[in-house]
Each structure stands twice: as C-alpha cells, then as structure tokens.
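Spelled out, the chains give:
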Amino acid sequence: MRITSGKVIVCSPGRNFVTLKLETEDGLYGLGDATLNGRELAVASYLGEHVLPLVEGRDARRIEDIWQFLYKGAYWRRGPVTMTAIAAVDMALWDIKGKSLGVPVYQLLGGASRDAVLVYGHASGATIAETTAAVARYAHRGYKAVRAQCSVPGVTHAYGIGSGDHYEPAKTGLAPEERWSSERYLAFVPAVFEALRRELGPDLHLLHDVHHRLTPIEAARLGRSLEPHHLFWMEDPTPAEDQDRFRLIRQHTTTPIAVGEVFNSVFDCHRLIEGHLIDYIRATVTHAGGISHLRKIAALAEVHQVRTGCHGATDLSPVSLAAALHVDVSVHNFGIQEYMPHAPETERVFSHAYSFEEGTMHPGEAPGLGVDIDDVAAAACPYRRAYLPTARLEDGTVHDW
Ligand code: EZ4
Ligand code: CO
C-alpha cells in the first residue's frame, strides 16, 4: 500500500493548525497533527521540504520502519520541529492502518484497558471567588477533575487566566512581554486551594500548572504548602532541562508531580521516570514523536509506576486529541487527559468521533483515528502569525513563560 502523496494544510479556524494528509494508492488517507504553537510554519516547511519527499512511495503499512527512517535518517536528532513532523507522519499512518483494517486505532494498540478516559478541564479567575465559581461550573458540567489558576495580586499576568471558561495563550501578531513575580505567587497560591477545598469539598480532583516558573527549592515550598489541599498534581514545577533537579522537589513534598508537555522524546524524561522523580508524564502525541514513540514512553513509565497525563490544550488539534484518546484508553498506566474543548470555528473544520460525557472521554468506534478535515472550510481560514507570550521578572530579567 504505497503512499502516493502528502499535503500540508495550514489553517486558522480560531487558532493556527498544521495538518498532514497522507494519501495511499488504495484511495485511503490518514491525518496527522503537526501544530507547534507559535512555530507552525517551521514544521510545515520541514514536512514539505524534507520529510514528504522521503515518505512518498513508501509502504504505508510499515509504521515503525518509517518512524525509524525519519528519526535516524535525518542524522539531526530530536528537537520539537523534527519530532512534531515525525509525529504527524506517524499519526497519519496509524489512521490509515485503522481505516484499512476497519477498526479504531485503540484496537490496534491492544484494545481498551478502561471504559472511558478521565479528563480535566481548565478553570481560572481574576479573584479567588471568581476562580471558585469557575471550578464549580466545571463540576456542575460533570467534570471530576479541574485545573485551577488564579490571578495573583500585584502580578499583571499570572499564567493560565482566561476569559470566561476559555483560555488561549497564543496572541495574533508579535508576543506580548508579561511581568512575573515568583515571590508574590508563592505567597498567594495556597489561599486559592484552601478556598477551593473549603467551598467545593474533598472529592473533586484539583490540579495546578506552575508552567516552569519556579526554581526547584521554590517548587518544593509550593508543593509542601499545598499538601493540606491534596492536589491531583502540581504541573511543570520547574524547567526540566536538568532532570536530576526534580530530586530536590521530590525529597520535600508528597504533592504529586507532573511534567513534560514540552518534551519531545523519551530521552527528555527517562531519568525522571527511572529515578521515580515524577508521578505523571505529560508528553503527548504531537510533540513526542507520535503514537509509536509515546507508547514507548508510556511503557517505560509503566515499569516505574509513573502514569500518563497527556497534554491536551487547544493548540493540539482535534487530530492530536483523538490520537491521545486512543493511547489513553489502551495503555494500562493511564492517569488523566487534559481537555480544553476546541473553539466552534475549529469544530467546523475538524469533525470527530470522540465524545465527552460525565467528566470522561472516549475516542469512538470510527475506523482509524476518527477525525476528518473539511479542506474547503480549512482553506477559508488562512494562517495568521501568532506567538506565545514571553515573561520578565519585575526587574526586567527574562524569565520562563
Ligand atoms: O501553555 O499549550 O497545560 N497546559 C499548558 C498549555 C500550554 C500551551 C503552549 O502551547 O501549559 O496551556
Ligand atoms: Co501545562
């Protein structure tokens, strides 16, 4: 079953997405998500200029062989641009294989390990009262797990504060530079979770995203101060370039640790996993080399009792969310899946078989990944340059956003 052509579709239905469509001589096609938020055209170019000429003519059934060929054959290994492009090819090939065999992809991954996939939603507010009301709205909609972010007094931009129940960090045009104070944040956050537990009780799973903004010792302090409010996890407490630094956080707190939405291979997290320094690995399909590579990360994690918690923000397209759900429902060591519903404009371009019910999701029973793209609707939404924000400390020093 030869791959006859590949098309890179760049569109902006509410936000930018890069989608790969691989077609075979049998008339089947598969979709892959190649969206790298704020760097979309770099991946589109890498795919179009370098990857697709190597893929056309190959046997679409040889998913692992094509993955290894694109990874090892580039000589220049890893990196988000390269791995996102490989991920898109891999997703499209799993989609094709599922369609050719008439089964949903999760059946090819060992079948379902659970009936449905626990997901968490994103709540935020300008004040503790607003944040509590936002979390309560999610609970009323059936969510069993909610991420809570709150504006910090004296900080002009805390991470993760949306308008209403919508949060979208990328901004059209050049990136805004935000100001940040870890001191003000650390002094304030425990009160947010104290109020949430007081108002909403012990049952709801509460999550929080630090977004890489603390030093290891600051993160240790935060984790310890949140212990009475028993979080499901504290996410990305510190940047993970030096994986061993997580040992310090681990030694100081029982608050569970999740990390890895920016990881792009098992080599970014094998020390974290083998050292039992984290509880959840957040790598996801699009940015970590596709279904094939994410499954290897999940397998290593399973050996060390680390569970999965795939990134699932709106900058991961419905193709990526579907692929994550097929992995989530099949791997034994699934933990939770992030879920931000896509904008109505996005839903008009991408139709999907996955569904949400009572705080859980299921990938559906459609053959392949179960997502389709409306090429005409996509073409009506041209790319618009957009960047993620950047951050500086109060004295002007560049900080992690
Ligand atoms: O900032 O997806 O947990 N979710 C997140 C996201 C990320 C964006 C970056 O592209 O941290 O909101
Ligand atoms: Co995050």
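The following refers to the structure shown. Since the structure is predicted, the reported quantities are computational estimates derived from the model, not experimental observations.

### Focus: the sheet that holds strand S7 (residues 177–180)
- Here we have three strands laid out as an open sheet, ordered S7-S19-S20, and mixed in their pairing. Single-partner strands in this sheet number two, and they are S7 and strand S20 (398–399).

### Description of the pattern of salt bridges
- Summed over all chains, the structure comprises 18 salt bridges.
- The shortest N-O distance in the salt bridge between Asp 95 and Lys 99 comes to 3.6 Å. One end of the pair, Asp 95, and the other, Lys 99, are both in helix H3 (residues 80–101), four residues apart, so they sit about a helical turn from each other.
- Classification of Asp 95 as buried rests on a relative accessible area of 0%.
- The residue Arg 282 makes a salt bridge to Glu 261 at a minimum N-O spacing of 2.9 Å. Taken together, the positions of Arg 282 in the loop between strand S11 (280–281) and helix H10 (290–303) and Glu 261 in the loop between strand S10 (257–259) and helix H9 (270–274) put the pair 21 residues apart, joining distant regions of the chain.
- Within the structure, one salt-bridge network assembled from shared partners comprises Glu 235, Glu 261, Arg 282 and Glu 338.

### Observations regarding the coordination of the cobalt ion (ligand 2)
- At 1.9 to 2.2 Å from the cobalt ion (ligand 2) lie its protein donor atoms, namely Asp 209 (OD), Glu 235 (OE) and Glu 261 (OE).
- One can describe the donor arrangement at the cobalt ion (ligand 2) as irregular, given that its six donor atoms subtend angles of 24 to 180° at the metal.
- Between the donor residues of the cobalt ion (ligand 2), the gaps in sequence give the motif D-x25-E-x25-E. Linking Asp 209 in strand S8 (residues 205–209) with Glu 261 in the loop between S10 and H9, this pair joins segments that are 52 residues apart in sequence.
- Taking the relative accessible area as the measure of exposure, Glu 261 reaches 10% and is therefore buried.

### Focus on the sheet that holds strand S3 (residues 29–33)
- An order of S1-S2-S3 is seen for the three strands of this open sheet, with the pairing classed as antiparallel. Strands with a single pairing partner mark the edges of an open sheet, and in this sheet they are strand S1 (3–11) and S3. Here the strands of the sheet are splayed against their neighbours by 20° on average, with no regard to which way each runs.
- The pairing of strand S2 (residues 17–24) with S3 spans five bridges and is classified as antiparallel. In the strand pairing of S3, Lys 21 is matched with Leu 31.

### A closer look at the site of ligand 1
- Every one of the 15 residues lining ligand 1 counts as a neighbour, but Asn 37, Tyr 159, His 211, Glu 261 and Asp 315 are closest to it.
- Measuring from an oxygen atom of ligand 1, one finds a side-chain N or O atom of Arg 147 at 3.3 Å.
- Here an oxygen atom of ligand 1 and a side-chain polar atom of Asp 315 are 2.6 Å apart.
- Relative to its unbound accessible area of 330 Å², ligand 1 is 95% covered by the protein chains.
- Because more than half of its atoms lie within 2 Å of the grid, ligand 1 is assigned to the largest pocket.
- Of the residues belonging to the shell around ligand 1, the class tally is five nonpolar, three polar and seven charged.

### Some remarks on unusual backbone geometry
- Positive phi is not limited to glycine here, since Tyr 75 has a value of about 70°.
- The topology assignment puts Tyr 75 in the loop between helix H2 (63–72) and H3.
- The exposed category is assigned to Tyr 75, whose relative accessible area is 64%.
- Backbone geometry at His 230 places phi at a positive 30°, although glycine is not the residue there.
- Here His 230 is to be found in the loop between helix H7 (216–226) and strand S9 (233–235).

### Topic: the pairing of S7
- The alternating pattern of S7 places Glu 178 and Trp 180 on a buried face and Glu 177 and Arg 179 on a face that is not buried.
- In the sheet, S7 pairs with strand S19 (residues 390–393) via four bridges, with the strands oriented parallel. Residue Glu 178 lies in a different strand from S19, and its bridge partner there is Ala 391.

So, how was this worked out
- Residues numbered from 1 in each chain as written.
- Chains lettered and ligands numbered in written order.
- Predicted model: local features only at pLDDT ≥ 70, side-chain atom pairs only at ≥ 80, totals over all residues.
- Heavy atoms only, no water.
- Pairing = 2+ DSSP bridges.
- Helix = DSSP H or I, 4+ residues; strand = E, 2+ residues; numbered from the N terminus.
- Salt bridge = Lys/Arg side-chain N within 4 Å of Asp/Glu carboxyl O.
- Buried < 20%, exposed > 50% of the residue type's maximum accessible area, 1.4 Å probe, protein only.
- Donors = N, O, S within 2.8 Å, 3.2 Å for Na, K, Ca; no water.
- Tetrahedral: all angles 85-135°; square planar, octahedral: opposite > 155°, others 65-115°.
- Axes fitted to C-alpha atoms, helices over the stretch in contact; angles between N-to-C directions.
- Near = heavy atom within 4 Å.
- Polar contact = N/O pair within 3.5 Å; in protein donor to acceptor, adjacent residues only side chain to side chain.
- Areas by Shrake-Rupley, 256 points an atom, 1.4 Å probe, with all protein chains shown as cover.
- 1 Å grid on protein atoms, 1.4 Å probe; cavity = no way out; pocket = protein on both sides within 12 Å on 5 of 7 lines; lining within 4 Å.
- Sits in = over half its atoms within 2 Å of the grid points.
- Nonpolar A, V, L, I, M, F, W, Y, C, P; charged D, E, K, R; others polar.

Function cannot be read off these values alone, since they describe shape.
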